[in-house]
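# Examining the three-dimensional arrangement
The primary structure of each chain is shown beneath.
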Amino acid sequence: MPKRSKGYKEVAAKVEKQNLYEIPEAMNKVVETAHAKFDETVEVHVKLGVDGRHADQQVRGAIVLPNGTGKEVKVLVFAKGEKATEAQNAGADYVGAEELADKIQKENWFDFDVVVATPDMMGVVGRLGKVLGPKGMMPNPKSGTVTMDLERALAEIKAGKVEYRLDKQNIVHTIIGKKSFGPEKLEQNFRALMEALIKAKPATAKGQYLRTVTVTTTMGPGIKVNPATIA
């Protein structure tokens, strides 16, 4: 177990570990327990009652949060010709093709947060699967990052679009904003994310779908939300 700071212990004492909080109280707690000197990111971790080893129980998608993420996102777009121009005009931070793939592979370059590609570029992007995949950056049609509508894709990403997908433990990890948003805006983003996850429930999922739901800040303690109050 890592050694906890005095500040962490003080704020952790404000949270009852076994308690399942109502959504508004959980958002108040997550703001109250953010003790770092910087504007901490607020994260959500949801354990789902699915088995991601089966293709028909995968949960993956994306949503534009009502209040954004509070984070400036750098977008890399793989495109050529007119689509490259469209991406540049729409505010992409980097636009290119094979030369950018080479830079990622040879220079271990990752000065970006999201990767978008036109379908015709997936042959080039595909060879980056081993490095982009583990970082959760591989473009995917389900999350809207493989598309010909680059203007829309970039507008959504810059506005606060977040992706959600299962990890190997069937947990979804994503962010819903910054501590500075305050409880009300965080609750709006949280409810939007939960609504998207519920809509994405696989037809083959059995039993309780939302097993555990935890919110936390970058440096703060986990706060458990009562899944029964999420609808």
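Provided above is the structure to which this section pertains.
Since this is a predicted model, take the numbers as computed values, not measurements. (Residues numbered from 1 in each chain as written. Predicted model: local features only at pLDDT ≥ 70, side-chain atom pairs only at ≥ 80, totals over all residues. Heavy atoms only, no water.)

In contact at an axis separation of 9 Å, helix α3 (residues 81-89) and helix α7 (residues 150-160) are set at 30° when each is read in the N-to-C sense. Judged by the inter-axis angle, α3 sits roughly parallel to α7. Here the hand of the crossing between α3 and α7 comes out right-handed. Facing Lys83, Glu86 and Ala87 of α3, the residues of α7 in contact are Leu150, Glu151 and Leu154. Taken together, the residues of the contact of α3 with α7 break down into three nonpolar, no polar and three charged. (Axes fitted to C-alpha atoms, helices over the stretch in contact; angles between N-to-C directions. Helix = DSSP H or I, 4+ residues; strand = E, 2+ residues; numbered from the N terminus. Parallel < 35°, antiparallel > 145°, perpendicular 65-115°, else oblique. Left-handed = near helix turned anticlockwise from the far one by under 90°. Contact = heavy atoms within 4.5 Å. Nonpolar A, V, L, I, M, F, W, Y, C, P; charged D, E, K, R; others polar.)

Turning our eyes to something else, we now look at α7. Three or four residues apart is the spacing at which side chains of an α-helix point the same way, because the helix has 3.6 residues per turn. Of all the residues in α7, the buried ones are Leu150, Ala153, Leu154, Ile157 and Gly160. Among the structural elements, β2 (60-64), β3 (75-78), α3, β5 (114-117) and β6 (161-165) are those in contact with the buried residues of α7. (Buried < 20%, exposed > 50% of the residue type's maximum accessible area, 1.4 Å probe, protein only.)

Let us now look at the packing of aromatic side chains. Enumeration according to the criterion identifies three aromatic pairs in this entry. Aromatic pair Tyr94 and Trp109: ring centres 4.9 Å apart, planes at 85°, arrangement edge-to-face. Within this pair, whereas Tyr94 is found in strand β4 (residues 94-96), its partner Trp109 is found in the loop between α4 (98-107) and β5, the two being separated by 15 residues in sequence. Looking at Lys103, its charged tip hangs above the ring of Trp109, at a distance of 4.6 Å from the centre. Over the ring of Phe110 we find Lys135; its NZ or CZ atom is 4.6 Å from the centre of that ring. (Phe/Tyr/Trp six-rings, centres within 6.5 Å; stacked < 30°, edge-to-face > 60°. Lys NZ or Arg CZ within 6 Å of the ring centre and 35° of its normal.)

Excluding glycine, residues mostly have negative phi values, and the peptide bonds linking residues are mostly trans. One non-glycine residue with positive phi stands out, namely Asn108, at about 55°. Among the residues examined, Asn108 registers a relative accessible area of 56% and is labelled exposed. Look at Asn170: it is not a glycine, yet its phi comes out positive at around 65°. Here Asn170 shows up in the loop between β6 and β7 (171-178).

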